[in-house]
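Chains, contacts and geometry: an overview
The chain contents come next:
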Amino acid sequence: MASASSSSAKLLYGDSKARINQRVRYTVDGIGSLSRNLVRCSKSSETLMQAAKVSSQQEHILESADLSLRKMQVLVTHLGYQLESIENNSKAFANVREQFQGLQD
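What this report covers is the structure whose coordinates are included nearby.

Calculation criteria
Residues numbered from 1 in each chain as written. Predicted model: local features only at pLDDT ≥ 70, side-chain atom pairs only at ≥ 80, totals over all residues. Heavy atoms only, no water. Helix = DSSP H or I, 4+ residues; strand = E, 2+ residues; numbered from the N terminus. Rg over C-alpha atoms; globule rule 2.2 N^0.38 Å. Buried < 20%, exposed > 50% of the residue type's maximum accessible area, 1.4 Å probe, protein only. Patch = residues over 30% accessible without salt bridge, like charges linked within 9 Å, V, L, I, M, F, W, Y side chains within 5 Å. Areas by Shrake-Rupley, 256 points an atom, 1.4 Å probe, with all protein chains shown as cover. Salt bridge = Lys/Arg side-chain N within 4 Å of Asp/Glu carboxyl O.

1. So, the overall build of the protein
- In terms of helices and strands, the protein carries one helix and zero strands.
- In terms of overall size, the protein is more extended than a compact globule, its C-alpha atoms giving a radius of gyration of 45 Å where 105 residues would be expected to give roughly 13 Å.
- Seen through its C-alpha atoms, the protein measures out along the principal axes to roughly 155 × 10 × 5 Å.
- Burial statistics for the protein: of 105 residues in total, 0% are counted as buried.

In structure tokens:
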């Protein structure tokens, strides 16, 4: 009988050991899966950060371009005023020259 109970105990011990080994294997596999997911999430977080950085840089570029366009519009307006002034001065100069030539005759 002692050998039967010893044999039964060995079977129970072997069975328990196999179940523990299986649980350890599942746990290790779970930790591996968790690690892979963490790495994936970390990479997607880095990708999102890079995308946000690029987006903010583009926003700055767009704001700078908008400011440059506004400055150019002001310059175009001022150049228009200067052209108008030059045209008026040119007409006035032509009138003065005609008057001066009239005085010389």
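There is more to say after this.
2. With respect to a nonpolar patch on the surface
- Where nonpolar side chains cluster on the molecular surface, the patch consists of I20, V24 and V28 and spans about 270 Å² of accessible area.
- A relative accessible area of 51% means that V28 is categorised as exposed.

3. Examining the pattern of salt bridges
- This model, assessed by the stated rule, comprises one salt bridge.
- In this structure, R70 engages D66 in a salt bridge whose closest nitrogen and oxygen atoms are separated by 2.8 Å. Of this pair, R70 and D66 are both found in helix 1 (residues 2–104), four residues apart, which corresponds to roughly one turn of the helix.

4. Describing the environment of R97
- Within the secondary structure, R97 sits in helix 1.
- R97 gets classed as partly exposed once you look at its relative accessible area, which sits at 47%.

5. Side note on the environment of E46
- Examined against the element boundaries, E46 turns out to sit in helix 1.
- Expressed as a C-alpha distance, the spacing of E46 and E59, which sit 13 residues apart in the sequence, is 20 Å.

6. Structural notes on the environment of K71
- On the secondary structure map, K71 appears in helix 1.
- Taking the C-alpha atoms as reference, K71 lies 29 Å from A52; in sequence the two are 19 residues apart.

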